[in-house]
Amino acid sequence: MKKITSNSIVLATAFSLVLSLAVPITVLAAGPATVNLGSAGNFVILSKTGVSTTGTTAVTGDIGLSPAAATYLTGFSLSLPDAGAYSISALVSGKIYAPGYADPTPATLTTAVLDMQNAYTDAAGRTNPTATELGAGNIGGLTLAPGLYKWGTGVTIPTNVTLSGNANDVWIFQIAQNLTVSSGVHVVLAGGAQAGNIFWQVAGQTTIGTTAVMNGIILDQTAIVLNTGVQLNGRALAQTAVTLDSSTVTAPTSASVVSVPTPTPTPTPTPTQTSTSVTTSTPTPVTTTTTTTTTQISTSSQDQGQMITLGNGQVVYVSSTGAFTNAAGQTVTSGAVSDSVVSAPSTSTSGTQIQALTSNLTVGNKNSDVTTLQQYLISENKGSAALALSQVGATSYFGPLTRAALAEFQASVGISPPAGYFGPITRSYINAH
């Protein structure tokens, strides 16, 4: 039998230690599996109907638009070389792609848009949420661990929210209606959390308030609106339009996180992984300077064809029967309606106003005539483009959303070509009908 000495024990121990140091240590990620963006991940902004900007916007990364044409890229002062596959802009540190550019751009964009839609479907279809209806849709002041969070309503962030986890952790937020981040609010990353691992899947509109700081990838089925001074560290991937106003958008990298002061979070229990809803305390409502009187839905108090905004932020429509329906065509029977937020006047009022217009209107115009045109297009509600415009409202600026809604209206009434230009032909039709 071989004699075992103390020296051999020491050598064996040292050898084992060396082996343990040589083998990589795997750090497991918390939260759900990441969402595969496919080729949509090559773009910091990707849209189907238009990308518009005003003011001094700064975009770091590539922009893609399809199937809408390059004319729906407004405010960028594009420069396109002869037979070029992409254009450039002083506002964009990257390339800008549209379907009419040289090959292989059209095919590349078609694939990217399909990948964007697939990524949205993937995120929306995840099951076994960490928590459902957390904070009744108000997550301001919370610190959230990695996980899958689901709401059947809209989500508001009126005060800073913190996402705390390591660099491999994943967050997915499933939001059935609108996502609204108040002005000046920060979505804060703590503990090494990365913007590229955060996915905001939003069925309604995403609106980021002035000077707010947003982290994560926004997968929106409708529109994304970044107001003045917004900083987005992530991606804006919209199935309608993206609107910017002196905004800063930066593609996320492993070492790029918007640096913001870490607030003292409101103590809340960390949601536990479970396949059922997690009972959590609703955060204390934040006092704001805006007071809105609300009443319960009453079909007798609204005009047919009108669009209104519920107290929970949901946009609904008054049908010809007086019923309220949401964007999906589902009947809405309860919820507070804001007396002071009405997206459009009744058809009779807007129809009278638009018949008085005598000027031609096109992309770039900003005046009260544009407001009248937008109100008319919203009240006519001819399809998805009118719906997208309604979610932004009558802004008085003629941008990609207005052009798309006008072209949709023209096509529906037989005006050819449906160019999205408000001129003598369209005025003549409206005056005659």
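Criteria and cut-off values
Residues numbered from 1 in each chain as written. Predicted model: local features only at pLDDT ≥ 70, side-chain atom pairs only at ≥ 80, totals over all residues. Heavy atoms only, no water. Helix = DSSP H or I, 4+ residues; strand = E, 2+ residues; numbered from the N terminus. Buried < 20%, exposed > 50% of the residue type's maximum accessible area, 1.4 Å probe, protein only. Lys, Arg positive; Asp, Glu negative; His and termini not counted. Salt bridge = Lys/Arg side-chain N within 4 Å of Asp/Glu carboxyl O. Contact = heavy atoms within 4.5 Å. Pairing = 2+ DSSP bridges. Axes fitted to C-alpha atoms, helices over the stretch in contact; angles between N-to-C directions. Parallel < 35°, antiparallel > 145°, perpendicular 65-115°, else oblique. Left-handed = near helix turned anticlockwise from the far one by under 90°. Core = buried A, V, L, I, M, F, W, Y, C linked by side-chain atoms within 4.5 Å. Phe/Tyr/Trp six-rings, centres within 6.5 Å; stacked < 30°, edge-to-face > 60°. Lys NZ or Arg CZ within 6 Å of the ring centre and 35° of its normal. pLDDT = per-residue confidence, 0-100. Arc of directions from axis to C-beta.

Remarks on the side chain of Arg 427
Piece 1. In this fold, Arg 427 is placed in helix 7 (residues 424-432).
Piece 2. Asp 369 provides the closest opposite charge to the buried, salt-bridge-free Arg 427, at an N-O distance of 8.6 Å.
Piece 3. Ignoring sequence-local partners within four residues, the contact set of Arg 427 consists of Leu 357, Thr 358, Ser 359, Asn 360 and Phe 422.

What to know about the sheet that holds strand 14 (residues 179-181)
Piece 1. If you trace the 7 strands from one edge of the open sheet to the other, you get 5-2-21-19-17-14-11, paired in parallel fashion. In this open sheet, the two strands that pair with only one neighbour each are strand 5 (73-74) and strand 11 (155-157).
Piece 2. In this structure, strand 19 (residues 224-226) lies alongside strand 21 (residues 241-245), joined through 3 bridges in parallel fashion. Opposite Val 225, over in strand 21, you have Thr 243 as the bridge partner.
Piece 3. Along the sheet, helix 6 (residues 400-413) makes contact with strand 2 (50-54), strand 5 and strand 21, crossing strand 2 at roughly 140°.

Points about the packing of helix 4 (residues 368-380) against helix 6
Piece 1. Contact pair helix 4 / helix 6: the axes reach a minimum separation of 10 Å and the direction vectors enclose 55°. With respect to helix 6, the axis of helix 4 lies oblique. Of the two possible hands of crossing, helix 4 and helix 6 adopt the one that is left-handed. Between helix 4 and helix 6, the contacting residues are Leu 373, Gln 374, Tyr 376, Leu 377 and Glu 380 on the first element and Thr 402, Ala 405, Leu 406 and Phe 409 on the second.

Structural notes on the nonpolar core
Piece 1. Of all hydrophobic cores here, the largest spans 53 residues; its most connected members are Ile 45, Leu 144, Ile 157, Phe 173 and Trp 200.
Piece 2. Residues within four places of Phe 173 in sequence aside, it is in contact with Leu 144, Tyr 149, Trp 151, Leu 163, Ile 198, Phe 199, Trp 200 and Gln 201.
Piece 3. In this structure, Val 35, Ala 40, Leu 109 and Leu 148 belong to the second largest nonpolar core, which totals 21 residues.

A short note on the pairing of strand 15 (residues 187-190)
Piece 1. In strand 15, alternate side chains face the same way, and those of Val 187 and Leu 189 on one face and Val 188 and Ala 190 on the other are all buried.
Piece 2. As judged from the 4 bridges shared by strand 12 (residues 161-164) and strand 15, these two strands associate in the parallel manner. Looking at strand 15, one finds that Thr 162 is bridged to Val 188.

Concerning the packing of aromatic side chains
Piece 1. Per the counting criterion, the structure on display carries 8 aromatic pairs.
Piece 2. Measuring from centroid to centroid gives 6.0 Å for Phe 43 and Tyr 97, while their planes differ by 90°, and the two rings are edge-to-face. Placement of the pair is Phe 43 in the loop between helix 1 (6-22) and strand 1 (45-47) and Tyr 97 in strand 7 (residues 92-97), with a sequence separation of 54 residues.
Piece 3. Exposure remark for Phe 43: the relative accessible area of 4% places this residue in the buried category.
Piece 4. On the basis of relative accessibility, which here comes to 17%, the residue Tyr 97 falls in the buried class.
Piece 5. Plain terms: the ring middles of Tyr 86 and Tyr 97 are 6.0 Å apart, the flat faces sit at 55° to each other, and that makes the pair tilted. Residue Tyr 86 is located in the loop between strand 5 and strand 6 (87-89), and its partner Tyr 97 is located in strand 7; the two are separated by 11 residues in the primary sequence.
Piece 6. Under the relative-accessibility criterion, Tyr 86 is labelled partly exposed at 31%.
Piece 7. One aromatic cluster is present, formed by Tyr 149, Trp 151, Phe 173 and Trp 200 through successive ring pairs.
Piece 8. It is Arg 403 that lies over the ring of Tyr 72; its NZ or CZ is 4.4 Å from the centre.

Brief notes about the confidence of the model for the protein chain
Detail in the predicted coordinates should be disregarded across regions flagged by low pLDDT.
Piece 1. Taken over all residues, the pLDDT of the protein chain has a mean of 79, while the share at 70 or more is 70%.
Piece 2. Contacts of residues 8-27 to residues separated by more than four positions or lying in other chains number 3 contacts, the stretch itself having pLDDT below 50.
Piece 3. Per-residue pLDDT stays below 50 along residues 254-306; that stretch engages in 98 contacts with residues further than four places along the chain or on separate chains.

Focus: the environment of Pro 67
Piece 1. Its place among the elements puts Pro 67 in the loop between strand 4 (63-65) and strand 5.
Piece 2. What makes Pro 67 exposed here is its relative accessible area of 62%.
Piece 3. When the C-alpha atoms of Pro 67 and Ala 98 are compared, they prove to be 7.9 Å apart, with 31 residues separating the residues in sequence.
Piece 4. With sequence-adjacent residues up to four places away left out, Pro 67 is seen in contact with Lys 48 and Pro 99.

Thoughts on helix 7
Piece 1. Along helix 7, the positions that sit buried rather than exposed are Thr 426, Arg 427 and Ile 430. Down the axis of helix 7, the sector holding all buried residues measures 100°, keeping them to one side. For helix 7, the exposed residues set more than 90 degrees away from the buried face come down to Pro 424, Ile 425 and Ala 432.

Some words on the sheet that holds strand 9 (residues 143-144)
Strands belonging to one sheet form pairs held by backbone hydrogen bonds; the direction of such a pair is parallel or antiparallel.
Piece 1. Ordered by their spatial adjacency, 3 strands build an open sheet running 9-12-15, and the pairing between neighbours is parallel. The strands lining the two open edges of the sheet, one partner per strand, are strand 9 and strand 15.

Description of the pattern of salt bridges
Piece 1. A complete count under the given rule lists 1 salt bridge for this structure.
Piece 2. For Asp 122, the salt bridge identified is with Arg 126, shortest N-O distance 2.8 Å.

Brief notes about unusual backbone geometry
Piece 1. The step from Ser 66 to Pro 67 runs through a cis peptide bond, and the omega angle for that step is 10°.
Piece 2. The linkage connecting Asp 103 with the following residue, Pro 104, adopts the cis geometry, with an omega of 10°.
Piece 3. Summarising the element assignment, Pro 104 is placed in the loop between strand 7 and helix 2 (105-124).
Piece 4. Despite not being glycine, Glu 133 has its phi angle at roughly 55°, a positive value.
Piece 5. For Ser 246, which is not a glycine, the phi torsion comes out positive at approximately 50°.

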